[in-house]
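Observations on chain architecture
Single-letter residue listing:
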Amino acid sequence: MKRLSLVLPRSCKGNCHTSPPYMRARSISEEFSSGDTRYRDNDDYPHTREKGKEKEDRDEEIIKVYDGNGSFRRRIFRLICVSRQSTTEELLTAALREFRITKDPGSFYLTDVYASEVSRLGEVNVVDPLPVMSLHCKEGRRPAVFLRFRDRDNDSGEVRVYPGKLQVSEAYCTVPVNGETTIADLIRESLIRFGLENFECEQYRLSEILLDRGVTERVLSWDERPWEIVKQRGKESIRQMELMRFYLQLKQDPHGPNLALFVGNLPPNLSQRNYENMLTEFLGKENKFSSIGPIYYEYGSMVITYEDSNKAVRALYCLRESCYEDKHLLVMLLPNIEPSMVPPGVQPLLVFVNVKSGGCQGSELISSFRKLLNPYQVFDLDNGGPLPGLYVFRHIKDYKILVCGGDGTIGWVLQCLDNVGQDSECSSPACAIVPLGTGNDLARVLRWGPGYTGGEDPLNLLRDVIDAEEIRLDRWTVVFHPEDKADDKGQQPLNPSAGSTSEDNTQIFVMNNYFGIGIDADLCLDFHNAREENPNKFNSRLHNKGVYVKMGLRKMVGRKLCKDLHKEIRLEVDGKLVELPQVEGIIILNILSWGSGANPWGPEKEDQFSKPNHWDGMLEVVGVTGVVHLGQIQSGFRSALRIAQGGHIKIHLNSDIPVQVDGEPWVQSPGDVVVLKSALKATMLKKNKIKRRNTEPSILPANGEGGKSSDD
């Protein structure tokens, strides 16, 4: 069995070594930026106001914590809730815990933000007795404190130096430093500790890597002092100080000078010549690229390559300032990962995080994974989607993927794998899941649980990926053939990129989970429209499910769009006409989890159907009689009506009917719908059953299935 490398054995940073003099601190990947899970300082955070009133009634106080001058300038803070009788030590412990700092608490202290603003003596320390009650407040604002590092009391310390692409066995070395230690001294001592003392120091350079708000690299000069750098980072942001790393590298990159830029937000489906002309117009001839490709035509994205690092950096900043149709281009400087960096028998891990999935928990995860792994293995899907990461790993023969997001995010990654797999050494890497979405049905089936709660240690998540077993997931092609009506264009899917459309208006989608027609899709469409109108309100699973319930209740008393659905459709399974019962919706299942963990197929029983799973080449067709029945299924009190089972399904729609494919809803015009086995394959990772952590449900739903596949 091959080992899974959580951290790439050799650092894989972008190999741009020089920059113009006006760009001393160069951001190699601000494009990896994921935002921040901290709050903006406007005191209009509704999710804490109501809680705040409850806390006050319980003799507790909510306090804003700034971790440095930088966070205060940006008005970004975190909240802690403590008893008004807390000691200074308890207050400090709560602040450190909120920022996930595990160092000795004696190295830190707190100051009163608002008292310091009016004091002529500088910052005012928070001290006993009753430090919470003594905090100053501004009218309409909560009390606030600074979390500070005791830099004046720490004249020396230790720093970690990582070996970059150097061929050494150690993951890092720890070097003691003081106020007099220079970067030259640190390089010299690091070479000794890595067993490279016979090499000339002048051949190496040291870089400062910041992992906060993206991945930023700065090449350090020899006379700079590393301990002063650490302390200065601590003044600006304790969290930034914790996320800072020193990387030792050769001045001349042995992997060559080529630099790749990912460019997106261009119009899709143009010719290569058109794309080249557009980019040349943005860049000018003096910054023209050496080569272009691959081009992801349907996404309007591509990779351009430079042999000159200075020219690449100029192009990066030039393209970032460019717009097409009032929309800024997306530009990323990609890291360079070579197969020679990966030892034999090791599987690197590529991590994708959707920071907007579920309750926006991805922002915290992406920071944690960048700290635990090589930061260039971790990609923010909000910047360029999966394509940049898949391009970076295209030459790696065997690797795994961890997708942090909902079912839609997983489908997005699999879709991009379909498009680029044939050009990659590893065409179907196995995918694991951290469920961040609302439904997370595929994650439930593969035992990754109903949803990430934030309490799980990210290191345990990575261990689960190592222990997981590979399993196949059937995938299906859903083809929509609308009837020929010159005046009837029908409604289009809300996300056209989810499928493809041919010249005769035939639409093709890939289905991973399920396909719904009727009442299920109608509710899904209402929810989707509501979320599009007010996306900021849909930031928690509980709220999202509450909205579903309200919409279902409205459907019970309102006009029934899907009444007598069985009269409006004709169903054929494996070439045989199937007589439909009286239903308002049918659901075609590839996995035995639907609607946030319900199992419409129901528990095993003696009937004409075989035991289903998600790799048997068969689909299950079930019926729903109405909104009440739908709610009973989701509550686990009833199962759906078993209608058919087969590998080829054809449906004729007689009228406009709501449909949804993997949660992507729209109203489909009359015509034929064909569901057939896709040639595309997906290899998934199923969580090992031995360990139970809090990403799994501890109590099974009433139907006894827990949304898991029937092979459990």
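Read on for a plain summary of the structure. (Residues numbered from 1 in each chain as written. Predicted model: local features only at pLDDT ≥ 70, side-chain atom pairs only at ≥ 80, totals over all residues. Heavy atoms only, no water.)

Within the chain, the secondary structure is distributed over 19 helices and 38 strands. Looking at the 712 residues of the chain, the share that counts as buried comes to 56%. For the chain, contacts bridging at least 24 residues in sequence account for 74% of all contacts bridging at least 6. Looking at the chain as shown, the accessible area adds up to about 31600 Å², and 47% of this sits on carbon and sulfur atoms. (Helix = DSSP H or I, 4+ residues; strand = E, 2+ residues; numbered from the N terminus. Buried < 20%, exposed > 50% of the residue type's maximum accessible area, 1.4 Å probe, protein only. Contact = heavy atoms within 4.5 Å. Areas by Shrake-Rupley, 256 points an atom, 1.4 Å probe, with all protein chains shown as cover.)

Before going further, it helps to spend a moment on the environment of Met618. Note on placement: Met618 falls in the loop between β31 (585-589) and β32 (619-624). In this structure Met618 comes out as partly exposed when scored by relative accessible area, which is 24%. Residues Met618 and Asn590 lie 28 residues apart in sequence; the distance between their C-alpha atoms is 7.5 Å. Setting aside its immediate chain neighbours within four residues, Met618 contacts Asp474, Trp476, Asn590, Gln645, Gly646 and Gly647.

What the six strands build is an open sheet, ordered β33-β32-β31-β28-β35-β36; its pairing is antiparallel. In this open sheet, the two strands that pair with only one neighbour each are β33 (641-646) and β36 (664-668). For this sheet the average axis-to-axis angle between neighbouring strands, irrespective of direction, equals 20°. As paired elements, β31 and β32 share five bridges and run antiparallel to each other. Of the residues in β32, the one forming a bridge with Ile587 is Val622. (Pairing = 2+ DSSP bridges. Axes fitted to C-alpha atoms, helices over the stretch in contact; angles between N-to-C directions.)

What follows covers the pairing of strand β25 (residues 476-482). β25 sits mainly inside the fold: five of its seven residues count as buried. Of the strand pairs in this sheet, β25 and strand β27 (residues 507-511) are connected by five bridges, and their pairing is antiparallel. By the bridge assignment for β27, Trp476 is matched with Met511. Pairing of β25 with strand β37 (residues 671-677), which is carried by seven bridges, proceeds in the antiparallel orientation. By the bridge assignment, Trp476 is partnered in β37 with Lys677.

Next up on the list: the sheet that holds strand β16 (residues 301-306). Pairing is antiparallel across the open sheet formed by four strands, whose spatial order is β15-β16-β14-β19. Edge positions in the sheet fall to β15 (291-296) and β19 (330-334), since each has one partner strand and no second. Adjacent strand axes in the sheet meet at a mean angle of 20° when their direction is disregarded. Where strand β14 (residues 259-264) lies against β16, five bridges are found, and the strand directions are antiparallel. When the sheet's bridge partners are listed, Val263 is paired in β16 with Met302.

All right, on to the packing of aromatic side chains then. All told, the structure shown has 17 aromatic pairs when counted by the stated rule. Aromatic side chains Tyr66 and Phe77 sit 5.9 Å apart centroid to centroid with 65° between the ring planes, which places their arrangement in the edge-to-face category. Note that Tyr66 is positioned in strand β4 (residues 60-66) and Phe77 in strand β5 (residues 76-83), a separation of 11 residues in sequence. Relative accessible area serves as the criterion here: at 0%, Phe77 is assigned to the buried category. Their ring planes at 70° and their centres at 5.2 Å tell us that Phe480 and Trp666 sit as a pair that is edge-to-face. Linking Phe480 in strand β25 with Trp666 in strand β36, this pair joins segments that are 186 residues apart in sequence. Judged on exposure class, the residue Phe480 and its partner Trp666 are both buried. Against the face of Phe72 rests Arg75, its NZ or CZ located 4.4 Å from the ring centre. (Phe/Tyr/Trp six-rings, centres within 6.5 Å; stacked < 30°, edge-to-face > 60°. Lys NZ or Arg CZ within 6 Å of the ring centre and 35° of its normal.)

Our focus in this paragraph is the packing of helix α9 (residues 272-283) against helix α10 (residues 309-320). Contact pair α9 / α10: the axes reach a minimum separation of 9 Å and the direction vectors enclose 95°. If you check the angle between α9 and α10, you find them roughly perpendicular. Taking contact as the criterion, the partners of Leu279, Phe282 and Leu283 in α9 are, on α10, Ala315, Cys318 and Leu319. Of the residues in the contact of α9 with α10, the class split is six nonpolar, no polar and no charged. (Parallel < 35°, antiparallel > 145°, perpendicular 65-115°, else oblique. Nonpolar A, V, L, I, M, F, W, Y, C, P; charged D, E, K, R; others polar.)

Before going further, it helps to examine the pairing of strand β11 (residues 204-210). Within β11, seven of the seven residues are buried, which leaves it mostly tucked inside the rest of the structure. The alternating pattern of β11 places Tyr204, Leu206, Glu208 and Leu210 on one face and Arg205, Ser207 and Ile209 on the opposite face, and all of these are buried. Sheet topology places β11 next to strand β12 (residues 215-219); four bridges connect them, and they run antiparallel. When the bridges of β12 are listed, Leu210 appears paired with Thr216.

Before going further, it helps to examine the pattern of salt bridges. In the structure shown here, the tally under the stated rule is 20 salt bridges. The partner of Asp59 in a salt bridge is Arg84, and the shortest N-O contact between them spans 3.5 Å. Within this pair, whereas Asp59 is found in the loop between α1 (46-57) and β4, its partner Arg84 is found in the loop between β5 and α3 (88-98), the two being separated by 25 residues in sequence. Looking at Arg84, the relative accessible area reads 16%, which means it is buried. In this structure, Glu228 and Lys231 form a salt bridge, with 3.5 Å as the shortest nitrogen-oxygen distance. (Salt bridge = Lys/Arg side-chain N within 4 Å of Asp/Glu carboxyl O.)

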